[in-house]
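# Coordinate analysis (summary)
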Amino acid sequence: MLQQTQVATVIDYYNRWMQKWPTLQALAQASLEEVNELWAGLGYYSRGKRLQEAARKVVSELAGRMPRTAEDLQKLLPGVGRYTAGAIASISYGQATGVVDGNVIRVLCRLRCIGADSSSPAVIDHLWDMANALVDRSRPGDFNQALMELGATVCVPKAPLCGECPVKQHCRARRRVEKELASASQKLFGKHAPVVDVEDCGAGGCRLCPPVTEPWDSSLGVTNFPRKAAKKQPRVAQTATCVLERRGCHGALEFLLVQRPSSGLLAGLWEFPSVPLAQDLQEEKQREALADHLQAWLGRPVPAEGLRLIGEVVHIFSHIHQTYVVYSLPLDGDLTLDAASSPLRWVTEEEFHASAVSTAMKKVLKACEKQRGKESSSGQGSKRKRGTKTQGVSSTGSGTQLSLRAFLQAPTAS
Ligand code: SF4
């Protein structure tokens, strides 16, 4: 849970998870649906899915016994990478093996003045070798937690507390800062004795030293390390999504949710019917794409002009800058839906929030509710406006919602 997520966010999720599935055996019996429901809002959903798959594997294939070495944990359990394997093996089972996470990368790169791209394979391999060599043989779990904690609390990214650091006398980045200061003051007094940096391996060719094209920046001090390659820009994606609404049998508003495929982004989560859009598609074409897509569930042609544009909702996934173009479509009457293509269900608002839906979909619903609130506060005007949007489709007497039959009528050619 803590990968890529802050402790404060995780605590509630962790407590609810442990309450629901206190043992591996209990987790092994959970369904992906239950896991996604509990995980909803935490992001990176594959973590929950793999955790449950791992529990299943331990129970069904490993006789309920957790692998106890970093090598076996990584080899046998889905979702367990090098870091997680090292952390479990050292903290839970006392194996003298190192860990390398973001905090450890920062501390070790500063301690050793490693200035090459810290995400490059050469640097990562070197850091693992260092972590494995450094780890305390008698208390590996404590040592690894201390190293991570040092990075989280003292050797922090922007303003490290070098004066309070317990390993400052071993820190080459700090020594380098002192040398640079000495050199600067010598220059100030007109002395020209260049300070040779004994820590550098020599010009060019070293896979761990800073590139010669990016010299030391004295304004950054120890935060010259670690260095990262320029961040890859997230992919830009656009999706049209439609909030289909109806009044349920007790008069409560209900929304149609469909389930995403069991693999890939947001696997198994529920969402409003959505369709990816090509970039820079005109609104008219978006409507047509969405109307065609909705036809798969409604089983009848959907007139594109019946879709009401709500607005745009932006959600940033780790590697995708996603814009949802939100439409809504009120329906009434009974409706025979085609569940053959994908599982679907109607949910009340309360059920929606308890379902395995992503934060992005919660934002989509919020945008719809906001729009509805605006319309109800502006009174009749908005109703008239809605009427104009649904031109070409006959409406019910009330003028606020189309009858299902009227809505599903194919649009007349204009
Ligand atoms: Fe980090 Fe400063 Fe400690 Fe070096 S002395 S490890 S830069 S906090």
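Residues numbered from 1 in each chain as written. Predicted model: local features only at pLDDT ≥ 70, side-chain atom pairs only at ≥ 80, totals over all residues. Heavy atoms only, no water.

## Here's the deal with the overall build of the protein chain
Defined as follows: What counts as a helix is a DSSP run of H or I of at least four residues, what counts as a strand is a run of E of at least two, and both are numbered from the N terminus. Relative accessibility under 20% of the residue-type maximum defines a buried residue, over 50% an exposed one, and the middle range a partly exposed one, all with a 1.4 Å probe and only protein chains included. Contacts between residues were defined by any pair of non-hydrogen atoms, one from each residue, lying within 4.5 Å. The accessible surface values rely on the Shrake-Rupley method and a 1.4 Å probe; as for residues, cover is taken only from the protein chains in view.
Scanning the protein chain from terminus to terminus reveals 15 helices and seven strands. Within the protein chain, the fraction of its 414 residues that count as buried is 40%. Residue pairs at least 24 apart in sequence account for 62% of intrachain contacts in the protein chain once pairs closer than 6 positions are excluded. In the form shown here, the protein chain has an accessible surface area of approximately 22700 Å², with 53% of it arising from carbon and sulfur atoms.

## A short note on the side chain of Ser-120
Let me state the cut-off plainly: Counting of polar contacts relies on pairs of N or O atoms within 3.5 Å, with two restrictions inside protein: one atom must be capable of donating a hydrogen and the other of accepting it, and residues adjacent in sequence are counted only when both atoms are side-chain atoms.
Within the fold, Ser-120 resides in the loop between helix H7 (102-111) and helix H8 (121-134). For Ser-120, a relative accessible area of 18% translates into the label buried. At a separation of 2.8 Å, a polar atom in the side chain of Ser-120 contacts the main-chain carbonyl oxygen of Asp-117.

## With respect to the packing of aromatic side chains
Where we set the bar: Whether two aromatic rings pair depends on their centres lying within 6.5 Å, for rings of Phe, Tyr and Trp, where Trp uses its six-membered ring; planes under 30 degrees apart make the pair stacked, over 60 edge-to-face, and the rest tilted. For a ring to carry a charge above it, either NZ of a lysine or CZ of an arginine must fall within 6 Å of the ring centroid while also lying within 35 degrees of the normal to the ring plane.
This structure, assessed with the given rule, holds four aromatic pairs. Relative to Trp-39, the ring of Trp-17 lies with its centre 5.5 Å away and its plane at 80 degrees, an arrangement referred to as edge-to-face. Note that Trp-17 is positioned in helix H1 (residues 7-20) and Trp-39 in helix H3 (residues 32-39), a separation of 22 residues in sequence. There is no split in this pair, since Trp-17 and Trp-39 are both buried. Site record: aromatic cluster; members linked through ring pairs are Trp-17, Trp-21 and Trp-39. Taking NZ or CZ as reference, Arg-16 lies 4.9 Å from the ring centre of Tyr-13, over its face. The ring of Trp-270 is capped by Arg-345, whose NZ or CZ atom sits 4.2 Å from the centre of that ring.

## Thoughts on helix H13 (residues 359-378)
Applied cut-off: By definition here, a helix of n residues has an expected span of 1.5 Å times n minus one. As used here, the arc is the angular range of directions from the helix axis to the C-beta atoms.
Under the 1.5 Å per step criterion, the end-to-end length of H13 is 29 Å for 20 residues, consistent within 8% with the ideal 28 Å. When H13 is considered as a whole, its buried residues turn out to be Ala-360, Met-361, Val-364, Leu-365, Cys-368 and Glu-375. For H13, the arc enclosing every buried residue in end-on projection is 145 degrees, short of the 170-degree limit, so these residues lie on one face. Opposite the buried face of H13, at more than 90 degrees from it, the exposed residues are Lys-366, Lys-370, Lys-374 and Ser-377.

## Here we look at the pattern of salt bridges
Rules: Salt bridges, as used here, are contacts in which a Lys or Arg side-chain nitrogen is within 4 Å of a carboxyl oxygen on Asp or Glu.
Overall, the coordinates contain 13 salt bridges when judged by the stated rule. Where Asp-142 meets Arg-139, a salt bridge forms, and the shortest distance between an N and an O atom there is 2.9 Å. The exposure class assigned to Asp-142 is partly exposed, which follows from its relative accessible area of 40%.

## What to know about the nonpolar core
To be explicit about the condition: The nonpolar core is taken to be a set of buried Ala, Val, Leu, Ile, Met, Phe, Trp, Tyr and Cys residues, with the residues joined through side-chain atoms within 4.5 Å.
By size, the foremost hydrophobic cluster in this structure holds 37 residues, and its most contacted members are Val-243, Phe-272, Tyr-324, Val-326, Phe-352 and Val-364. For this core, the secondary structure elements donating two or more residues are H1, helix H2 (24-28), H3, strand E1 (235-247), strand E2 (253-259), strand E5 (308-316), strand E6 (320-330) and H13. Beyond its immediate sequence surroundings of up to four residues, Val-326 is in contact with Thr-241, Val-243, Arg-308, Leu-309, Ile-310, Gly-311, Val-313, Val-364 and Cys-368. Core analysis: the second largest hydrophobic core is formed by 28 residues, Trp-128, Met-148, Cys-171 and Trp-216 among them.

## Brief notes about helix H6 (residues 82-93)
Look at H6: 16 Å from first C-alpha to last across twelve residues, which is about the 16 Å you get at 1.5 Å a residue. Along H6, the positions that sit buried rather than exposed are Ala-85, Gly-86, Ala-87, Ala-89 and Ser-90. Among the structural elements, helix H5 (70-76) and helix H9 (140-153) are those in contact with the buried residues of H6. Just past H6, the residue Gly-94 takes up positive phi, approximately 70 degrees.

## With respect to the side chain of Thr-241
With respect to the helices and strands, Thr-241 occurs in strand E1. Residue class for Thr-241 comes out buried when judged on its relative accessible area of 0%. Sequence-distant contacts of Thr-241, that is, excluding residues within four places in its chain, are made with Phe-272, Pro-273, Ser-274, Leu-290, Tyr-324, Val-325, Val-326, Tyr-327, Met-361 and Val-364.

## Considerations on the pairing of E6
Rules: DSSP bridges decide pairing: two strands pair if at least two such bridges lie between them.
Among the eleven residues of E6, ten are classified as buried, and the element is accordingly described as predominantly covered. In this sheet, E6 lies alongside E1 in parallel orientation, the contact comprising eleven bridges. Residue pairing for E6: Ala-237 is matched across the bridge by Gln-322. The turn joining E5 and E6, which pair antiparallel and follow one another in sequence, is formed by three residues.

## Points about unusual backbone geometry
In this structure, Pro-226 follows Phe-225 across a cis peptide bond, with omega equal to -5 degrees. With respect to the secondary-structure elements, Pro-226 resides in the loop between helix H10 (172-188) and E1. Positive phi, close to 55 degrees, is recorded for Leu-266, a residue that is not glycine. Relative to the assigned elements, Leu-266 resides in the loop between E2 and strand E3 (270-271).

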